[in-house]
Amino acid sequence: MAKYEIPDDLFYTREDEVDGVTVNYPRKLTLPGARLGHRNADAFLLGIRGTVRRIHEEWPFDVIHAHDWTTFRAGLALRAATGRPLVAHVHITEFDKSGGSYADPTVYALEREGIAGADRVVAVSRRIAHTCCERYGADPARMRVVYNAVDEAEAGAPPPPGRRASTGIVMQ
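The structure presented is a predicted model; accordingly, all values stated were derived computationally and were not measured. Position numbers for residues count from 1 along each chain, tracking the sequence in the order it is written. Only residues with pLDDT of at least 70 get local features here, since the model is predicted, and only at 80 or more are side-chain atom pairs given and counted; chain-wide, interface and lining totals rely on the full set of residues. Side-chain numbers here rest on the full set of heavy atoms in the structure, without hydrogens or water.

Engineer: Can you break down the overall build of the protein chain residue by residue, with the values?
Structural biologist: The way it works is that DSSP assigns letters per residue, a run of H or I at least four long becomes a helix, a run of E at least two long becomes a strand, and they are numbered from the N terminus. Each helix and strand in the protein chain was counted, giving 6 helices and 7 strands. Along the protein chain, helices and strands appear, N-terminal first, in the series β-β-α-β-α-β-α-α-β-α-β-α-β. Between buried and exposed lies partly exposed: a residue is buried under 20% and exposed over 50% of the maximum accessible area for its type, with that area taken using a 1.4 Å probe on protein chains only. When burial is assessed residue by residue, the protein chain has 30% of its 172 residues classed as buried. Two residues form a contact once any of their heavy atoms are found within 4.5 Å. Of the contacts made within the protein chain by residues no fewer than 6 positions apart, 53% connect residues no fewer than 24 positions apart. Here the accessible surface of atoms and residues is derived via Shrake-Rupley with a 1.4 Å probe, and residues count as covered only by protein chains that are part of the display. Of the roughly 11,000 Å² of accessible surface on the protein chain, 52% is carried by carbon and sulfur atoms.

Engineer: Can you break down the pairing of strand β3 (residues 63-67) residue by residue, with the values?
Structural biologist: Of the strand pairs in this sheet, β3 and strand β4 (residues 86-90) are connected by 4 bridges, and their pairing is parallel. In the strand pairing of β4, His65 is matched with Val87. Think of it like this: strands point away, you trace from the first strand over the helix to the second, and a clockwise trace means the crossover is right-handed. In this region the chain leaves β3, passes through helix α2 (residues 68-82) and returns to the parallel neighbour β4; the handedness of that crossover is right-handed. In short, DSSP must find at least two bridges between two strands for them to pair.

Engineer: Summarise the environment of Ala141; cite the residues concerned and give the values.
Structural biologist: Inspection of the secondary structure puts Ala141 in the loop between α5 (126-136) and β6 (143-145). Along the chain, Ala141 and Val121 lie 20 residues apart, while their C-alpha atoms are 9.4 Å from each other.

Engineer: So what's going on with the nonpolar core? Which residues, and what values?
Structural biologist: The biggest cluster of nonpolar side chains holds 23 residues, and the ones touching the most others in it are Val90, Ile115, Cys132 and Met143. When contributions to this core are tallied by element, the ones reaching two or more residues are β3, α2, β4, β5 (120-123) and α5. Element by element, the count of residues in this core is highest for α5, at 4 residues. Contacts of Cys132, omitting those with residues within four sequence positions, involve Val90, Thr93, Ile115, Gly137, Ala138 and Met143. Grouping buried Ala, Val, Leu, Ile, Met, Phe, Trp, Tyr and Cys residues that are joined through side-chain atoms within 4.5 Å yields what is termed a nonpolar core.

Engineer: Now, about the confidence of the model for the protein chain: what can you tell me, with residues and values included?
Structural biologist: Caution applies to low-pLDDT parts of the model: their predicted coordinates are not meant to be read in detail. The pLDDT value tells you how sure the predictor is about a given residue, anywhere from 0 up to 100. Mean pLDDT over the protein chain stands at 76; residues scoring 70 or higher make up 63%. Predicted confidence in the protein chain is weakest over strand β7 (residues 168-171), with a mean pLDDT of 51, and strongest over β5, with 96. Low pLDDT, under 50, characterises residues 1-6; the predicted model gives this stretch 9 contacts beyond four residues in sequence or across chains. Considering only residues more than four positions removed or in separate chains, one finds that residues 29-34, a stretch of pLDDT under 50, has 6 contacts.

Engineer: Can you lay out the side chain of Ser125 for me, pointing to particular residues and giving the numbers?
Structural biologist: Mapping Ser125 onto the fold places it in the loop between β5 and α5. Aside from chain neighbours lying at most four places away, what touches Ser125 is Val145 and Tyr147.

Engineer: Which residues make up the packing of helix α4 (residues 105-117) against α5, and what values do they have?
Structural biologist: All axes here are fitted lines through C-alpha atoms, helices being fitted over the stretch that makes contact, and every angle between N-to-C directions spans 0 to 180 degrees. The contact between α4 and α5 brings their axes to 11 Å, and the two run at 100 degrees. Taken together, the axis directions place α4 and α5 in an arrangement best described as roughly perpendicular. Seen from α4, the contacting residues are Tyr108, Glu111, Arg112 and Ile115; seen from α5, they are Cys132, Arg135 and Tyr136. Each residue is assigned to one class: nonpolar for Ala, Val, Leu, Ile, Met, Phe, Trp, Tyr, Cys and Pro, charged for Asp, Glu, Lys and Arg, and polar for all the others, Gly among them. Of the residues in the contact of α4 with α5, the class split is 4 nonpolar, no polar and 3 charged. The cut-offs work like this: below 35 degrees is roughly parallel, past 145 is roughly antiparallel, 65 to 115 is roughly perpendicular, and the gaps in between are oblique.

Engineer: Can you break down the environment of Gly83 residue by residue, with the values?
Structural biologist: Position of Gly83 relative to the elements: it lies in the loop between α2 and β4. Classification of Gly83 by relative accessible area gives exposed; the value is 58%. Here the alpha-carbon distance between Gly83 and Asp62, two residues 21 residues apart in the chain, equals 9.5 Å.

Engineer: I'd like to hear about the packing of aromatic side chains, residue by residue, with values.
Structural biologist: Each Phe, Tyr or Trp ring, with Trp reduced to its six-membered ring, pairs with another whose centre is within 6.5 Å; inter-plane angles below 30 degrees give stacked pairs, above 60 give edge-to-face pairs, and intermediate values give tilted ones. A complete count under the given rule lists 3 aromatic pairs for this structure. Considering the side-chain rings of Phe95 and Tyr108, the 5.6 Å spacing of their centres and the 80 degrees angle between planes classify their relative orientation as edge-to-face. On the criterion of sequence distance, the pair formed by Phe95 in helix α3 (residues 94-97) and Tyr108 in helix α4 is long-range, its members being 13 residues apart. Given a relative accessible area of 12%, Phe95 falls into the buried group. Looking at Tyr108, the relative accessible area reads 22%, which means it is partly exposed. Geometrically, the ring pair formed by Tyr108 and Tyr136 is tilted, given 4.9 Å between the ring centres and 45 degrees between the ring planes. Of the two residues, Tyr108 is situated in helix α4 and Tyr136 in helix α5; the sequence distance between them amounts to 28 residues. Looking at Tyr136, the relative accessible area reads 2%, which means it is buried.

See below:
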């Protein structure tokens, strides 16, 4: 990272080795304009595109993981810039927030764009997955349900033989 004059600890708080695999603990970054959501997302993405490409060249990642509508556009832009698959992680939809009867049109459009453009959609429950399919047109074949929990028996398990541990970039 020195060639970009960025401190080594900017992205990670610490590094460990677990069963022969290097684990970096990411620092949550607040990037300029990130709190303005969709209003300046396009300008923001244009501004960081070169930086993202340089980071990807230095630390290639395998997958992009975007959380909910606030990061779907960034995930889609990263996917376009890097060719890496995008996982759209849906915790709640606009319909779920209103009891199923209404969705803010702007947020709905961003949710729909992210769900449609993702290579895989992960929902935190079967009900959210059903909403993604019924209200947003998600392809059920690309939908997976991953509950907000950890299977302690598998948490420290190494990858299966013949598979390496993947690396990813998480958009939060």
